[in-house]
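# Descriptive structure summary
Chain by chain, the residues:
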Amino acid sequence: MNMTSTMLKVEGVSVRFGGLQALSEVGFDIRQGEILGLIGPNGAGKSTLLNVISGFVRPDRGSVHFDGELLTGRPPEFVNRAGLVRTFQAAEVLAGMTVVENVMAAGVARLGEGVAGGLARFVRAGQSMAALYRMACEKLELVGLAALADQPAQMLTAGQQRLLAAARALGTEARLLILDEPAAGLTNDEKMMLAAAIRRIRAAGVTVMFVEHDLAFVSSLAERLVVLDHGTVIAKGETRAVSRDPQVLAAYLGETDLVVARGRAGAAASAAPLLKLERVAVRYGALHALGGIDLEVRAGEIVTLIGANGAGKSSTLKAISGLCKLAGGAIVFDGKPLHGLAAERRIAAGIALAPEGRQLFPMLTVRDNLMIGRFSHIRAAGFGNLFRPGAAAAREVEAAMREVLDFFPRLAERIDQQAGTLSGGEGQMVAIGRALMSRPKLLMLDEPSFGLAPRVTREILELLPRLAERGIAVLLVEQNAHAALQVADRGYVLANGAIVAHGSGEELLQSSHVGEAYLGWQHEDETAEVAA
Amino acid sequence: MTEFAQYLISGLVVGCIYGLIATGFTAVYNATHIVNFAQGESSMLAALCAASLVVAGAPLLLAIAVAVVVVGVVNILVERLAIRRSGTDVTRGIIITIGVGIVLQGLAALAWGTDAQPLPAFSGPGSISAYGVVVPRQALWVVGTTAVVMALLYVFLTRTFLGKAFRACAMNGQAAALMGIPTGLMRGIGFLLSGTVGAVAGVIIAPIALMQYDSGVALGIKGFVACIIGGFGNPIGAALGGLLLGATETLAAGYISSGFKNAIAFVLLLLFLLVRPGGLLGEFGAAKR
Amino acid sequence: MSRHAMNKPALNRFLVLAAVLGLAAFSNNPYVINLLVVCGLYALPAIGLSLLMGYTGQISLGQSAFVGVGAYGSVLLAQHLQLDPWYSLALATALSAFTAWSLGWLVFRLKGHHLAMATLAIALILHTVLVEWRSMTGGPDGISAIDPISIAGHALLDDLHFLPLAWLVCYAGLCLADYLVRSPFGLAMRTVSENEAVARSLGIDAAQVKRKVMALSGAYAGLGGALYAHWIGYISPEPFSVAFSIKLLLIVALGGVSGVWNVLFGVFIVVIVSEWLKPLGRLDVVIYGLLLIVVMIYCREGAVAALAGLYRKLPQRLRPGARASLKLQGRTSA
């Protein structure tokens, strides 16, 4: 293995989208013949970095050189012809074609350029297609899909689709293969097949870089790692060293310290659970997002669900709020099964969600955003109220709004401002406030700290115990595990769609295993030596 | 100078109609992300219905009111029967609305033949002249009604709870569903609004511009052009776009050639699509699926 | 649906076509012959549109414009440059292709309804130009006294004489389109139509592929238009309208977008239905619209695929020929 020659050189890459600095002075190399892993928590900028390298996004500053050739500013077609190829999240196989045709399509661009080439291709189409077919079979052989060559691509399982995407990428005769989250949603068996395929690909002379959230998978396969957090590189080097780097652990778990008055426990502990998930499984097509989890939340409790990106946290919340169907198991809320209840009806049942990314209505004022939180109740009071809430409905709205503003006094000043002009923290307050307007029994928060400064995160999370005091059950999904565990009564750790640890907030906080369970590092020693 | 003023005023009058139709497009697009290629047929149907009712002896006001209501109902039916089934595929939705437009046009030709159906002017024939500019009396009705309709729409969308919920649905459909806002209801409202506004546009212009079975096509396209100029999603933009289009069209027809009048709208359309697909004031701007 | 399901040898199809046409010719029914010529000429722009919509996923309501460019182009070139119709045909086809290609630069940045509207605008602009530019196009009255096409000195004036030419060209067009679809370029087209980002990541210049297909589709349309002009001897702006674009859209929707030969199915249905509905006056337009709606809602892959799907759903026993094979397998029910 030639470790000294640099294949890809990324220097000083910075990208800004609107008000957000997505990448800032990112620099690293990929060496010929290695397998490199790019990791980092959600929102770190990994996708943006991939898009910059592959030519889909032009960086504001910085450069990307491939084998000495400048790639920045060139379109994706050019980047590919230079010898670099990427796959996409969710494989994106071409469903209208067979497996072998998918790979053949990759070879078309190489067949000859210009008018003369085009004409030659045209005249000898039969020959060209035969040559493409042979090439495609070779690549399929390499990844282990040769037997499925003539199957329609859409019939493949998720794992097979990822292998097909890799084979297709290889069909471009690229020297550097970049895989975008190839293991997401795969079962353990599928992951092993994928790992074996990647090793064979490298043995055939192709350098590999991949982005992944499954850190056990990454550490078993990659020789070196680059860690991205908030758009900057915080660590890079040999896998073993990086995985022990406390900075990396902190980036994933968070470091925010909260001041929380704990004194509720007791009463809540003995009550029957308000929300109960039993063997709940969620699948998106062929992807396994959740594989049968059990979870409970009681009234007046704060329960947190933590885990790395892709672990299945959002899927859990989506299943509870009705935005996705269950592939198995059952959810019982307030004694009644939720099965069959449409998403639009669940808010009336007492379940409210402050969704990921706030999802405010940007052109409406804060007041209007909050009022919309009460839509179901206003409508239930009579259709006419929808035009102008009548006396009774209006009083309720006012009362609910007073409570919310009492909770978030800063919003009172901004009540008539357009929601799209608020700061991140204020926006999150509106999102939570909007959910509270329906006076829910269960309040779910999907990554409220995302994109917020630590000070603002503290402000928001420290308010949660007040809600719990009023008897509301709070289910908090967070990537910032450190902060979440300080405020929660109990917590569940989710990894790869399964619950790998649970206990009281304090227990999990003190336990050193949380970090490992969360990141999957504990598997490192067992799988690192399994050679292809 | 008077000539210029004459063209300008006439252009602005017809621009009001384009603005109304553009608003109709916006209403449907906001609720469903589909461009309703059958928008113009609402105007055509309302005008022809009203004309028939008047011929049958109904008082003008009643005829107009009934026609507008009928067209509103037809739009709701179209949404339920045809559009709902198209799911989220925009291409299919577009082709389905093209089909609906053809069907309505064909039915109109069957019912009324190919002759124009005149509708009497609301306050009698005759014109008004001021400063050398002559406009038919009906023109005042056009401008006045447009202003009233736009104002009502504005009030609905910004002052009523339902209107705000409707806009919320357009801004973020998933969040709206989370809040319990039923998407079916919003789609129905979108179509009802668009049908009603289109119908009103049809009946107020009918006394000036003879309406017949195929008038809907040109009106629809020009309304769409107004939308593109003014920006999808914004009723004020739609109105502005309409006025701009009307004025440009009439001025060009007057000074260059009347035959190419229609082509002006289409050329403007291409221009804006290529240069500034977000329009002048678009709320939800860019050219996207 | 597997595109390889249509892999019957081209020779078979040729024989079937020749048989059908031969029979029709011998029937000596001028009405039927006329209809068949119309089918053949309709098929060309339809093949072009099928390539464009099916293989690049773009909606185009502007096909009628390119047919018009081909028709008027050929006639004007022949008249002003004193050209033999064969030459003006070729030039007109090239002209349509070039027009389509140039417009491709402009419109392919657009998507969805913006693209549909832009192509609609193109069709309308062209129609207006044809009507208004009287000095060149003769305005609403059009141009008459067009030279017919001649082969070896014999002018093809008769429907019966024109029939083989029309269908030979049509057949050649179908074979060419089929060949393209099965060639590496076909793979590129299909990739672009399904997922442009993936295509680009594989080194395929998506924009260029779309423009080439647009040019090709324009060429087919232009050729069809030019042939039409020299056959019928007289052209006016009327047939080159948005209504024609919509008919072509219906043909493609019926035929389905996979499998070039299915276009013929769509053509026959629309042309025949047109004829049946003529005595009913305006009802034909309503039927087209309804057909379009129904097909879009229920048969996304086109009527042929839908029918094939229905056939597959039939229980084994009911299918013709199934009995025999089941017996051989020893599986018929007692």
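Because the structure is predicted, anything quoted here is derived from the model rather than measured.

### Some words on the nonpolar core
Where a protein is soluble and globular, its nonpolar side chains tend to be buried together. Counting residues in hydrophobic clusters, the biggest one holds 376 residues, and the most contacted among them are L177 of chain A, A50, A67, V203 and L269 of chain B together with A46 and L292 of chain C. Broken down by element, this core gets its largest block of residues, 15 residues, from helix 10 (residues 206–232) of chain C. Two domains each put at least three residues into this core: domain 1 (6–253) and domain 2 (267–523) of chain A. Ignoring sequence-local partners within four residues, the contact set of L269 of chain B consists of V225 and I228 of chain B together with M117 and A121 of chain C.

### Observations concerning the confidence of the model for chain A
Confidence in the prediction for chain A averages 86 pLDDT; 92% of positions are at 70 or higher. Of the regions scoring below 50 in pLDDT, residues 522–532 of chain A engages in 13 contacts with residues more than four places distant in sequence or in other chains.

### Observations concerning the pairing of strand 9 (residues 224–229) of chain A
Residues and elements named next belong to chain A. Most of strand 9 sits inside the fold, with five of its six residues counted as buried. Across four bridges, strand 3 (residues 35–39) lies against strand 9 in parallel orientation. Looking across to strand 9, one finds that L38 is bridged to V226. The loop that links strand 9 with its antiparallel partner strand 10 (residues 232–238) comprises two residues; one of these, H230, has a positive phi angle of about 50°.

### Section: the domain arrangement of chain A
All names here are of chain A. Looking at chain A, the domain boundaries give domain 1 (6–253) and domain 2 (267–523). In this structure, domain 1 and domain 2 have C-alpha centres spaced 35 Å apart. Listed per partner, the contact involves 18 residues of domain 1 and 19 residues of domain 2. For the side of domain 1 that touches domain 2, the class distribution of residues is eight nonpolar, nine polar and one charged.

### A look at the packing of helix 3 (residues 63–80) of chain C against helix 10 of chain C
All names here are of chain C. Relative to each other, helix 3 and helix 10 sit at 50°, their axes nearing to 7 Å. Judged by the angle between their axes, helix 3 and helix 10 are oblique. Seen from above, helix 3 lies across helix 10 with right-handed handedness. Along the contact surface, helix 3 presents Q63, F66, V67, G68, V69, G70, A71, G73, S74 and V75, while helix 10 presents G218, A221, G222, L223, G224, G225, A226, Y228, A229 and H230.

About the thresholds
Throughout this description, residue numbers start from 1 for each chain and increase along the sequence as written. Note on labels: chains are lettered from A, ligands numbered from 1, in written order. Totals for whole chains, interfaces and linings use all residues, but because this is a predicted model, local features are given only for residues with pLDDT of at least 70 and pairs of side-chain atoms are given and counted only at 80 or more. Any set of buried Ala, Val, Leu, Ile, Met, Phe, Trp, Tyr and Cys residues joined through C-beta atoms within 7 Å is what this text calls a nonpolar core. Note on burial: count the other C-beta atoms lying within 10 Å of the residue's C-beta; 20 or more is buried, 12 or fewer is exposed, in between is partly exposed, and C-beta positions come from the backbone. A run of DSSP states H or I qualifies as a helix once it reaches four residues; a run of E qualifies as a strand once it reaches two. Both are numbered from the N-terminal end. Where each domain starts and ends follows an automatic or database-derived domain assignment. Contact between residues is assigned whenever the C-beta positions, reconstructed from backbone atoms, fall within 7 Å. A residue's pLDDT is simply how confident the predictor is in it, with values from 0 to 100. The rule for pairing is simple: two strands pair if DSSP sees at least two bridges between them. Under the scheme applied here, ten amino acids are nonpolar (Ala, Val, Leu, Ile, Met, Phe, Trp, Tyr, Cys and Pro), four are charged (Asp, Glu, Lys and Arg), and all others, including Gly, are polar. Helix axes are fitted to C-alpha atoms over the stretch in contact, other axes to C-alpha atoms as well, and angles between N-to-C directions run from 0 to 180 degrees. Orientation is classified from the angle alone, with under 35 degrees giving roughly parallel, over 145 giving roughly antiparallel, 65 to 115 giving roughly perpendicular, and any other angle giving oblique. Crossings are sorted by hand: turned counterclockwise from the far helix by less than a right angle, the near helix makes the crossing left-handed, and turned clockwise it makes it right-handed.

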